[in-house]
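Results of the structural survey
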Amino acid sequence: MSIDATAFGSDRPVAERERAYSPSSCIGGDYRPFVQAYVDRSAAVRQRHTGRCGLAYGPAASQTLDLFLPPPTRAGAPLPPLLVFIHGGYWQELSKNESLFAADGCLAAGAAFAAIDYTLAPHATVEQMVCECRTALRWLHAHAAELGFDGRRIVVAGSSAGAHLGAMCCLRGWPGDADLPTGLPAAAVLVSGIYELVPLIGTSINAVPALTQASAARVSPLRFDLTGFPPALVCWGEIETDAFKRQSQAFGDSIEAATGRPVPRVEAPGRNHFDVILDLARTGSALGDATLRLLE
């Protein structure tokens, strides 16, 4: 698919792109309190629920995931759906350990929850991270029955760089990897993602991932045929840069054009790039309620 990256600022001066693709520019620069909220809420999940942590989906130490299952409702009840969360951090920060905050909402709704790790830059390229996330989904699908969830109802969700990786997991016919099994994932929740990566080249954001024009093009989902993309929800916070909002809207438009299926968009009032994801699976929020509907 032909995409003009200048629509997302690739031809703008580096300083301008630096601001446009730095989410903290909207909140005064310090995102550490939001990361601490991820840490605290994830720790509380571990205290309240017993999960299967550190399950290996591949041979590398970073290729692990944590899984939480709701209590069984009755003997012979259908297996629960699964929400798989891919964390953000511009492919160079965070891990599954700070990414469990949506487990409470999933478990209360009778759904299972998993958070996956992947190898961060500079130890892996973004393309390798995409393949790892796709491998994690394959592994979960293959082991669904024994792990205790419904392999036909696996929904992938991601925030920021995690939304990018989640979108890449939904592509059919991507030349970097064989297609995932039919119906995997069953749906996608993409929050504050970036779907055309070329504008990052030259900014400090790219110092560690070290994307080139060629490698960025290979992992920019807006450049690929989105035919077969699963039902999707695209969300972002009200307090985000225009660049992130444009990218989300454009990706939603592209999915609609390719699939003929409406793609709901949610701009979360009063939320920014870092705290919007805390609404994932939280009842009473637009993002949370829409996510839980996808898991029904």
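That block above? That's the structure.
Just so it is clear, the structure is predicted and the values come from calculations on it, not from any experiment. Residue positions are given per chain, counted from 1 along the sequence in the order it is written. Side-chain atom pairs in this predicted model are given and counted only at pLDDT of 80 or more, local residue features only at pLDDT of at least 70, and totals for whole chains, interfaces and linings cover all residues. Water and hydrogen atoms play no part in the side-chain values, which are based on all heavy atoms of the structure.

We now examine the overall build of the chain. By the criteria applied, helices consist of DSSP H or I runs no shorter than four residues and strands consist of E runs no shorter than two, each listed in order from the N terminus. Looking only at helices and strands, the chain has 9 helices and 8 strands in total. Along the first, second and third principal axes, the C-alpha atoms of the chain reach 60 × 40 × 40 Å. Between buried and exposed lies partly exposed: a residue is buried under 20% and exposed over 50% of the maximum accessible area for its type, with that area taken using a 1.4 Å probe on protein chains only. The buried share of the chain, reckoned over its 296 residues, is 56%. Relative to all contacts within the chain whose residues are 6 or more apart in sequence, the contacts with residues 24 or more apart total 76%. Note that accessible areas follow from Shrake-Rupley with a 1.4 Å probe, and for residues the cover is restricted to the protein chains shown. Per element, the accessible surface of the chain, about 11,700 Å² overall, is 54% carbon and sulfur. The contact criterion used is simple: two residues touch if any of their non-hydrogen atoms lie within 4.5 Å.

This brings us to unusual backbone geometry. Residues Ala 121 and Pro 122 are joined by a peptide bond in cis, for which omega reads 10 degrees. Cis geometry marks the peptide bond from Leu 184 to Pro 185; its omega dihedral reads -10 degrees. Within the secondary structure, Pro 185 is located in the loop between helix H6 (161-169) and strand E6 (187-191). Although it is not a glycine, Trp 91 adopts a positive phi angle of roughly 65 degrees. Take Trp 91: it is sitting in the loop between strand E3 (82-86) and helix H3 (103-108). With phi around 70 degrees, Leu 94 is a residue other than glycine that occupies positive phi space. Secondary-structure assignment places Leu 94 in the loop between E3 and H3. Exposure remark for Leu 94: the relative accessible area of 26% places this residue in the partly exposed category.

As a further point, take the packing of aromatic side chains. Ring geometry is summarised as follows: Phe, Tyr and Trp rings, the Trp one being its six-membered ring, pair when their centres sit within 6.5 Å, and such pairs are stacked at plane angles under 30 degrees, edge-to-face over 60 and tilted between the two. The final tally for this structure, using the stated rule, is 8 aromatic pairs. Relative to Phe 101, the ring of Phe 85 has its centre 5.7 Å away and its plane inclined at 65 degrees; by these criteria the two rings are edge-to-face. A residue pair is termed long-range when its members are at least 10 positions apart, and Phe 85 in strand E3 and Phe 101 in the loop between E3 and H3 qualify at 16 residues. The buried category is assigned to Phe 85, whose relative accessible area is 3%. Chaining the aromatic ring pairs together yields one cluster made of Tyr 31, Phe 34 and Phe 274.

Another point: the nonpolar core. Each nonpolar core is a collection of buried residues, namely Ala, Val, Leu, Ile, Met, Phe, Trp, Tyr and Cys, held together in the definition by side-chain atoms within 4.5 Å. Judged by nonpolar contacts, the single largest core of 67 residues is most densely connected at Tyr 21, Leu 82, Trp 91, Phe 149, Leu 197, Phe 229 and Phe 251. Formed by 35 residues, the second largest nonpolar core is a distinct cluster that contains Val 45, Leu 83, Val 191 and Phe 274.

Considering the arrangement of structural elements, one finds Thr 119 in the loop between strand E4 (112-116) and helix H4 (126-142). Thr 119 gets classed as buried once you look at its relative accessible area, which sits at 14%. Of the polar contacts made by the side chain of Thr 119, one reaches the side chain of Ser 62; its length is 2.5 Å. Setting aside residues no more than four positions away along its own chain, Thr 119 makes contact with Ser 62, Ala 124, Met 129 and Glu 132. The term polar contact refers here to a pair of N or O atoms within 3.5 Å; inside protein, the definition further demands a hydrogen-donor-capable atom paired with an acceptor-capable atom, and it admits residues adjacent in sequence only when both atoms are side-chain atoms.

Turning our attention to the environment of Ser 254. Here Ser 254 shows up in helix H8 (residues 242-259). Taking relative accessible area as the criterion, Ser 254 reaches 16% and is therefore assigned buried. In the structure, Ser 254 is positioned 30 residues away from Phe 224 in sequence and 9.7 Å away in space, judged by C-alpha atoms. For Ser 254, the residues in contact, after removing those within four places along its chain, are Leu 222 and Leu 226.

Glancing now at H8. Taking 1.5 Å as the rise per residue, H8 with 18 residues should run 26 Å; its terminal C-alpha atoms sit 26 Å apart, in good agreement. Along H8, the residues classified as buried are Ala 243, Phe 244, Lys 245, Gln 247, Ser 248, Ala 250, Phe 251, Gly 252, Ser 254 and Ile 255. Considering only its buried residues, H8 is in contact with helix H1 (14-20), H6, E6, strand E7 (232-239) and strand E8 (265-272). In the segment just after H8, Gly 260 is the residue with positive phi, at about 70 degrees. Here, expected helix span is obtained from the residue count minus one, scaled by 1.5 Å.

For two strands to be treated as a pair, DSSP must find no fewer than two bridges joining them. The strand order across the open sheet built from 8 strands is E1-E2-E4-E3-E5-E6-E7-E8, with neighbouring strands paired in mixed fashion. Pairing within the sheet leaves two strands with one partner each, and these edge strands are strand E1 (52-56) and E8. Averaged over all pairs of adjacent strands, the angle between strand axes in this sheet comes to 20 degrees, irrespective of strand direction. The pairing of E7 with E8 spans 5 bridges and is classified as parallel. Looking at the pairing, Ile 239 lines up with Asn 272 of E8. A fitted line through C-alpha atoms serves as each axis, taken over the contacting stretch for helices, and the angle formed by two N-to-C directions is quoted from 0 to 180°. Packing of H8 onto the sheet brings it into contact with E6, E7 and E8, and relative to E7 it is tilted by some 160 degrees.

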